[in-house]
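Breakdown of the fold
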Amino acid sequence: MTGGTNINFVTKRGANNLSGGARFYLTDDSMQADNVPDTVQQSNLNGNTISSIKDYGFNIGGSLIKDKIWFWGSYGVQDINLMDMRGDADATMLRTFNAKFNFAFGNHRIELYGVYNDKIKEGRKRYPLDYYEAGRKQTGPAYIFKIQDEITLGSSGLLSIKASYT
């Protein structure tokens, strides 16, 4: 079973020069407006509010053998802490690792790509709105693996063969 959506996306790839980057974003309750309707407040409900959201990670890529083998990888975390409409804590931790290797051999350009993603969701308590089972801990992990061969066919043709596992 899947969530019903597949996305075809292109990630970075390594180049002959070593390069990378990093990020850190922080959002806290001071960055949130207070626009809860009176009818919600009169029911002793608060609306969902942000306690803190931290989004951080890094990526690095380069060449293992110049003009032949390249690598790229990244690691990222989203640490999301909310208060639900009843004032209960609702925490989500998302961790993602990506790795890619590219190889150039003659008229073949081969790519190996993998993703490891883990979701830990605790505190989803929307009683009495949901059944108890809907509030249990949600966890991963999930994996994606892909291999692709792009074959140059003369000056005007390209054949791309892909296989992936999600």
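It should be emphasised that the depicted structure is a prediction, and the values quoted were computed from it without experimental measurement. (Residues numbered from 1 in each chain as written. Predicted model: local features only at pLDDT ≥ 70, side-chain atom pairs only at ≥ 80, totals over all residues. Heavy atoms only, no water.)

Attention shifts here to a nonpolar patch on the surface. A surface patch of nonpolar side chains, amounting to about 440 Å² of accessible area, comprises Leu 64, Ile 65, Phe 101, Leu 112 and Ile 147. Following the sequence through the fold, Ile 65 ends up in strand β2 (residues 49-65). Looking at Ile 65, the relative accessible area reads 46%, which means it is partly exposed. (Patch = residues over 30% accessible without salt bridge, like charges linked within 9 Å, V, L, I, M, F, W, Y side chains within 5 Å. Areas by Shrake-Rupley, 256 points an atom, 1.4 Å probe, with all protein chains shown as cover. Salt bridge = Lys/Arg side-chain N within 4 Å of Asp/Glu carboxyl O. Helix = DSSP H or I, 4+ residues; strand = E, 2+ residues; numbered from the N terminus. Buried < 20%, exposed > 50% of the residue type's maximum accessible area, 1.4 Å probe, protein only.)

Attention now goes to unusual backbone geometry. Leaving glycine aside, a negative phi is the common case for residues, and trans is the common case for peptide bonds. Look at Asp 67: it is not a glycine, yet its phi comes out positive at around 65 degrees. By the element assignment, Asp 67 lies in the loop between β2 and β3 (69-83). Judged by relative accessible area, which is 45%, Asp 67 ranks as partly exposed.

The pairing of strand β5 (residues 108-122) with strand β7 (residues 142-153) spans 10 bridges and is antiparallel. Across the sheet, residue Gly 114 finds its bridge partner in β7, namely Phe 145. As paired elements, β7 and strand β8 (residues 157-165) share 9 bridges and run antiparallel to each other. Residue Gln 148 lies in a different strand from β8, and its bridge partner there is Lys 162. (Pairing = 2+ DSSP bridges.)

With that out of the way, let us pick up the pattern of salt bridges. As enumerated under the stated definition, the model contains 6 salt bridges in all. In this structure, Glu 150 engages Arg 109 in a salt bridge whose closest nitrogen and oxygen atoms are separated by 2.2 Å. Placement of the pair is Glu 150 in strand β7 and Arg 109 in strand β5, with a sequence separation of 41 residues. Using a relative accessible area of 36% as the deciding quantity, one classes Arg 109 as partly exposed. Note that Glu 111 and Lys 146 form a salt bridge whose closest N and O atoms lie 2.9 Å from each other. With Glu 111 in strand β5 and Lys 146 in strand β7, the pair connects residues that are 35 residues apart, well separated along the chain. On the accessibility criterion, Glu 111 (6% relative accessible area) is buried. Of the residues examined, Lys 146 reaches a relative accessible area of 22% and is grouped as partly exposed.

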